[in-house]
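Structural overview for review
Single-letter residue listing:
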Amino acid sequence: MGETEHADGASASVGAGTKRSAPDGEGGVASSLLAANDDVSANADRTSTSASSSKRPKKSSTSIDPALVASCEVASREERLRKNRQQARDRRNRKKTLIENMQRNVVVLSRMNADLRKKNQDLVAQLAQYGVAGHPGALEGIEASDAALAI
C-alpha cells in the first residue's frame, strides 16, 4: 500500500489494484478514511480465504490503522482552521464594506442636514422680514424649534 499526497495536503491510501483519492474540498478526510477502510477490508478478504484453511481467527474488517486516524485528524483540523481563516477574512471584508457605506451615508446626511438648516434659517428670516400680524410670539416658537434642532 502506498500514500499519495494531494494538492490540498490530504493523503489517501492506495491499495492493491484500487486507487482512491480524497476529493478536494469538503469530505476529503472522510473519503480517506473510507478508502483506508476499504483497503483493510480487501486485505482481510484476501487473508480470510487462506486463513480459513489454517484455522486462524478472521481479522476484523473494521480495524483502522491508528497512524491513518491520526493523520486524518490532523488533516481535518487543518481543513477546519483553513475554513475558519476564510470565514474570518470574509467577515472582515463585509465589516469594512459596511463601515465604508456608513461613512458615505454620514457625509450625505450631514450635507442634507446642513441644507435643511439653511432653508430653515432663510424661512425664519422671511417671517421676521414680513412679520406675523397679530402673533408677536410666533417667531419665538420658530426660533426655539430651530434651537432644538441644533442639538
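Here the structure is a predicted model, which means the values were calculated and not measured. (Residues numbered from 1 in each chain as written. Predicted model: local features only at pLDDT ≥ 70, side-chain atom pairs only at ≥ 80, totals over all residues. Heavy atoms only, no water.)

A few points about the overall build of the protein
Where we set the bar: Helix and strand assignments follow DSSP, with helices taken as H or I runs no shorter than four residues and strands as E runs no shorter than two, numbered in order from the N terminus. Categorising residues by exposure relies on relative accessible area from a 1.4 Å probe, with only protein chains included: less than 20% of the type maximum marks a residue as buried, more than 50% marks it as exposed, and the intermediate range marks it as partly exposed. In this description, contact between two residues means that some pair of their heavy atoms is separated by no more than 4.5 Å. A 1.4 Å probe and the Shrake-Rupley method give the accessible areas. Residues count as covered only by the protein chains that appear here.
Across its full length, the protein holds 3 helices and 2 strands. Here the protein, with 151 residues, has 16% of them falling under the buried criterion. Long-range contacts, defined here as pairs at least 24 residues apart, represent 35% of the contacts in the protein between residues at least 6 apart. When the accessible surface of the protein is summed, it comes to about 11500 Å², and 56% of that surface belongs to carbon and sulfur atoms.

A look at a nonpolar patch on the surface
Where we set the bar: Two joining distances apply to patches: 9 Å for like charges and 5 Å for nonpolar side chains (Val, Leu, Ile, Met, Phe, Trp, Tyr), and every residue must have over 30% relative accessible area and no salt bridge. Criterion for a salt bridge: a side-chain nitrogen of Lys or Arg within 4 Å of a carboxyl oxygen of Asp or Glu.
On the surface, Val108, Leu109 and Met112 cluster together into a nonpolar patch covering about 280 Å² of accessible area. For Val108, the location among the structural elements is in helix α2 (residues 66-130). For Val108, a relative accessible area of 43% gives the class partly exposed.

Comments concerning the pattern of salt bridges
Inspection of every chain in the model, using the stated rule, returns 2 salt bridges. A salt bridge links Asp122 to Lys118; the nearest nitrogen and oxygen atoms lie 3.3 Å apart. Residue Asp122 and its partner Lys118 are both found in helix α2; the two are separated by 4 residues, about one turn of the helix. Residue classification places Asp122 among the partly exposed residues on the basis of a relative accessible area of 37%.

A few points about α2
An α-helical segment advances 3.6 residues per turn. Residues three or four places apart therefore align on the same side. Definition in use: Working rule for helices: expected span equals 1.5 Å times residues minus one.
The end-to-end C-alpha separation of α2 is 94 Å, in line with the 96 Å expected for 65 residues at 1.5 Å each. Regarding α2, the residues found buried are Leu68, Cys72, Ala75, Glu79, Asn120 and Val124. Just beyond α2, the residue with positive phi is Gly131, at close to 70°.

Topic: the confidence of the model for the protein
Put simply, the test is: The predictor rates its confidence in each residue with pLDDT, a number between 0 and 100.
With 47% of its residues at a pLDDT of at least 70, the protein reaches an overall mean of 73. Mean pLDDT across the elements of the protein ranges from a minimum in strand β2 (residues 11-14), with 48, to a maximum in α2, with 95. Throughout residues 10-26 the model reports pLDDT below 50, and contacts reaching past four residues in sequence, or to other chains, amount to 48 contacts.

A few points about the side chain of Glu79
So the rule is basically this: Pairs of N or O atoms are called polar contacts if they sit within 3.5 Å, as long as, within protein, a hydrogen donor faces a hydrogen acceptor (for residues adjacent in sequence, only side-chain-to-side-chain pairs).
Of note, Glu79 is situated in helix α2. At 2.7 Å, the side chain of Glu79 forms a polar contact with the side chain of Arg82.

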